[in-house]
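So the chains spell out like this:
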Amino acid sequence: MSDTEPITPKDPEKIGDYTDFADISERIDKCLKADAFSRVFFENAWARNIFFYAGAQWLRKVGGRWERRNLPGWFPRAQTNKLAEKANDLITQLLQGGRVPISYEPATDDEADIGTADVGERIREVIYTEAKCDEQMHSIASWLVLTGNAFGIPHYDMDKAHGVTKAPFQQCQACGTQIDPEEIDPTVPVCPKCGAPDLVPTEDIAHEYPIGAIQIDVAGPFEIRGDHRISDVRKWRKFVHQKKYDLDWAKEHWSDFKDKITPDSGNSPDTAQYFMDLFANLTPDFAFGAGLSANGSTAAKYPKVSAYAYRELPSEKYPLGIYAVRLGPNPEAMVEAGPLPTTYGAGVKKDQKFLPLIHWGCNIVPGRLWRKTPIDDLITLQVFRNMIEANVRLSIQRMGNGIWLLPKGSGVDNLTGEPGQQVPYNPVSVGGTQFAKPERIPAELNNLAALLGVIQKIDDSMERISGTFFLQGGNAPPGVTAASALAYLGEKGQQSLSTLRTGWAQGWAEFDKMGLEIARENWDDNRMRAVSGKNRKWQVEKFSKADIQGSVNMIVDWNALAPKSNATERATIGQLVHPVSSGEGGLTFFR
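The structure reproduced in this document is the subject of the present report. (Residues numbered from 1 in each chain as written. Predicted model: local features only at pLDDT ≥ 70, side-chain atom pairs only at ≥ 80, totals over all residues. Heavy atoms only, no water.)

1. Quick notes on the packing of aromatic side chains
Consideration 1: This structure, assessed with the given rule, holds 25 aromatic pairs.
Consideration 2: Both rings, one in Phe-275 and one in Phe-279, keep their centres 6.5 Å apart while their planes meet at 15°; by these two values the pair is stacked. Highlighted residues: Phe-275 and Phe-279, both in helix 8 (residues 271–279), separated by four residues, approximately one helical turn.
Consideration 3: The exposure class of Phe-275 is buried, given its relative accessible area of 1%.
Consideration 4: Among the residues examined, Phe-279 registers a relative accessible area of 18% and is labelled buried. (Phe/Tyr/Trp six-rings, centres within 6.5 Å; stacked < 30°, edge-to-face > 60°. Helix = DSSP H or I, 4+ residues; strand = E, 2+ residues; numbered from the N terminus. Buried < 20%, exposed > 50% of the residue type's maximum accessible area, 1.4 Å probe, protein only.)

Written out as structure tokens, the structure is:
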């Protein structure tokens, strides 16, 4: 999020009245209400998947909220987290291949387009490094696999943490006046006092300006609000990115509004923020409802304020679109308001605004915005597996040890089971005619084989539903070594993961498009890319916004998208060099 100052328009009729905070606030509230009713059903499913992944699996839903099952103390809360194993396999599949292979092709035969395409892939390296995309991929892949949805908001951040450029005072050689560079017209650089053009920089620094950097905010589906009836976010006209700030930091950062910024109340009905607060404290033994959420007692101890970053495409009232940030529900706490900063800089859409929102999605459900993840189908199998495993543990605890039958009158008081223990007993009960010898009943675990067989079937079903098919999880099936068999299983695994990889690649292609436009709009300083050349000598390439003025098309290389199976490659090589016979003289022939 850029730290731009609130804009006061000079001509509201042409660009919109961005001081009408009440109207902008009403637009934010209307956007928040668009999916307020339906999204709670999806939020519960997304939260459940994250709870299971973290190991909190003995749960039940009460009043629309998840809580731990009230089980007896002796009941074994058994779980082998196969769901987390499969989720990690899917996340690894997305990260294993590295960056999505995307090539840049000129949109036309124009020289500017060809020049931009020539440097496009090298510019891509600079943009990805500047936005720290390689570090963000893990977070995006985790949201995508666990909830089926992940979002990214690319933007240009003017924080001084990304570096500053220094502007020195200028001195007129004619009259000797020292001039602030902001007093000089850049189109006609002359001395404002005497009009002489002879200006030279001094050693004194007048101003430090932030250089800025392309950044991407990663968000889960809990933090993005829009019209869920439109199933493609590229067709959205507005959206809200909801996040939390520490109250003291917000008042310090937007000091002009500190008296209007108020903390969130402890009884907020916002289920999305409720779950996000739970995730921050989530462990397998977490006590749900322990007061760690924004709705609990810690809200007063550690006050925070919700921020609503609102973006809207141009409309009749706001021809340049809207970018606004409101802290809390108070319309007067509109700390930023101005035109939408993202604009196409080349091609057929030149000068048109666009919403900087990227949606990574898993399996498409026709007519629905929110995508479906294979983890949804693993939940019931994981619950069933936990019940079977708990039954196995109960059987072992209760029936895994042999027991003794001590007839009355046998004279045996205690059987410790110690080696060499002598047990005196009465062979016949006193005054009776019945034998009184103690008898041992062996352990009875005949039901374990059937239960373990059910667990194996559940594990196999989880493999198939998640689409990992052994090889995708990193292991070859037991007993399968033939290269053809492994290649077949690998192809089946690639087919089952094709929809996940397609959503992954399409999302990064959108980032490349938006990242290039943001760089074209905001880069004022040169960017450098260092590469290792021959003889380990470093070569430095410089780029500026002048190098990316053309229009290009981003093409995903689908054939290179999926990582190759190491097991298949090893089996193929092993089969090629397998010895088949020995000839005369101790020679070995290979096929």
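Here the narrative resumes.
2. Quick word on the side chain of Asp-157
Consideration 1: Here Asp-157 shows up in strand 4 (residues 149–157).
Consideration 2: No salt bridge is formed by the buried Asp-157. Its closest oppositely charged neighbour is Lys-243, at 9.0 Å.
Consideration 3: In terms of polar contacts, Asp-157 uses its side chain to reach the backbone amide nitrogen of Asp-159, at 3.1 Å.
Consideration 4: A polar contact is formed between the side chain of Asp-157 and the side chain of His-162, at a distance of 3.4 Å. (Lys, Arg positive; Asp, Glu negative; His and termini not counted. Salt bridge = Lys/Arg side-chain N within 4 Å of Asp/Glu carboxyl O. Polar contact = N/O pair within 3.5 Å; in protein donor to acceptor, adjacent residues only side chain to side chain.)

3. Describing the sheet that holds strand 4
Consideration 1: Read from one edge of the open sheet, three strands run 8-4-14, paired in antiparallel fashion. The open sheet terminates on both sides in strands that have one partner only, identified here as strand 8 (213–219) and strand 14 (358–361). Sheet twist, expressed as the average angle between the axes of neighbouring strands with direction ignored, equals 25°.
Consideration 2: Here strand 4 runs beside strand 14; their pairing, made up of four bridges, is antiparallel. (Pairing = 2+ DSSP bridges. Axes fitted to C-alpha atoms, helices over the stretch in contact; angles between N-to-C directions.)

4. As for helix 11 (residues 448–466)
Consideration 1: The end-to-end C-alpha distance of helix 11, which contains 19 residues, comes to 27 Å, matching closely the 27 Å that a straight helix rising 1.5 Å per residue would cover.
Consideration 2: Taken residue by residue, helix 11 has Leu-448, Leu-451, Ile-455, Ile-458, Asp-459, Met-462, Glu-463 and Ser-466 as its buried positions. What you see down the axis of helix 11 is that its buried residues fit within an arc of 140°, all on one side. The exposed residues of helix 11 that point more than 90 degrees off its buried face are Ala-449, Ala-450, Gln-456 and Lys-457.
Consideration 3: As for helix 11, its buried residues are in contact with helix 4 (82–96) and helix 10 (375–399).
Consideration 4: Of the residues flanking the end of helix 11, it is Gly-467, one or two places downstream, whose phi is positive at about 85°. (Expected span 1.5 Å × (residues − 1). Arc of directions from axis to C-beta. Contact = heavy atoms within 4.5 Å.)

5. A few points about the packing of helix 3 (residues 39–54) against helix 8
Consideration 1: The geometry of helix 3 relative to helix 8 is characterised by a closest axis approach of 10 Å and an angle of 5° between their N-to-C directions. Classified by the angle their axes make, helix 3 and helix 8 are roughly parallel. Together, Val-40, Glu-43, Asn-44, Ala-47, Ile-50 and Phe-51 of helix 3 and Thr-271, Ala-272, Phe-275, Leu-278 and Phe-279 of helix 8 make up the contact between the two elements.
Consideration 2: When grouped by side-chain class, the residues that make up the contact of helix 3 with helix 8 number eight nonpolar, two polar and one charged. (Parallel < 35°, antiparallel > 145°, perpendicular 65-115°, else oblique. Nonpolar A, V, L, I, M, F, W, Y, C, P; charged D, E, K, R; others polar.)

6. Side note on the packing of helix 3 against helix 4
Consideration 1: The geometry of helix 3 relative to helix 4 is characterised by a closest axis approach of 8 Å and an angle of 105° between their N-to-C directions. It follows that helix 3 is roughly perpendicular to helix 4 by the angle criterion. Residues Asn-49, Phe-52 and Tyr-53 of helix 3 form the contact with helix 4, whose own contacting residues are Leu-83, Ala-84, Ala-87, Asn-88 and Ile-91.
Consideration 2: Partitioned by chemical class, the residues of the contact of helix 3 with helix 4 number six nonpolar, two polar and no charged.

7. Description of the pattern of salt bridges
Consideration 1: Per the stated rule, a full pass over the model turns up 28 salt bridges.
Consideration 2: The salt bridge involving Glu-85 is made with Lys-86; its shortest N-O contact spans 3.6 Å.
Consideration 3: The class for Lys-86 is buried, based on a relative accessible area of 1%.
Consideration 4: Between Asp-512 and Arg-124 there is a salt bridge, and its shortest N-O distance comes to 2.8 Å. Linking Asp-512 in helix 13 (residues 498–522) with Arg-124 in helix 5 (residues 111–130), this pair joins segments that are 388 residues apart in sequence.
Consideration 5: By sharing partners, the salt bridges in this structure join Asp-20, Asp-23, Arg-27, Glu-312 and Lys-317 into a single network.

8. Observations regarding the layout of surface pockets
Consideration 1: Volume-wise, the largest pocket comes out at about 740 Å³.
Consideration 2: Residue lining of the largest pocket: 28 residues in total, with Tyr-344, Lys-349, Phe-354, Glu-510 and Lys-513 positioned closest to the centre.
Consideration 3: Those elements that provide at least two residues to the lining of the largest pocket are helix 13 and strand 19 (552–556).
Consideration 4: Broken down by element, the lining of the largest pocket gets its largest block of residues, six residues, from helix 13.
Consideration 5: The residue makeup of the lining of the largest pocket, split by class, is 15 nonpolar, five polar and eight charged. (1 Å grid on protein atoms, 1.4 Å probe; cavity = no way out; pocket = protein on both sides within 12 Å on 5 of 7 lines; lining within 4 Å. Points joined across faces, edges and corners; volume = space filled by probe spheres on them.)

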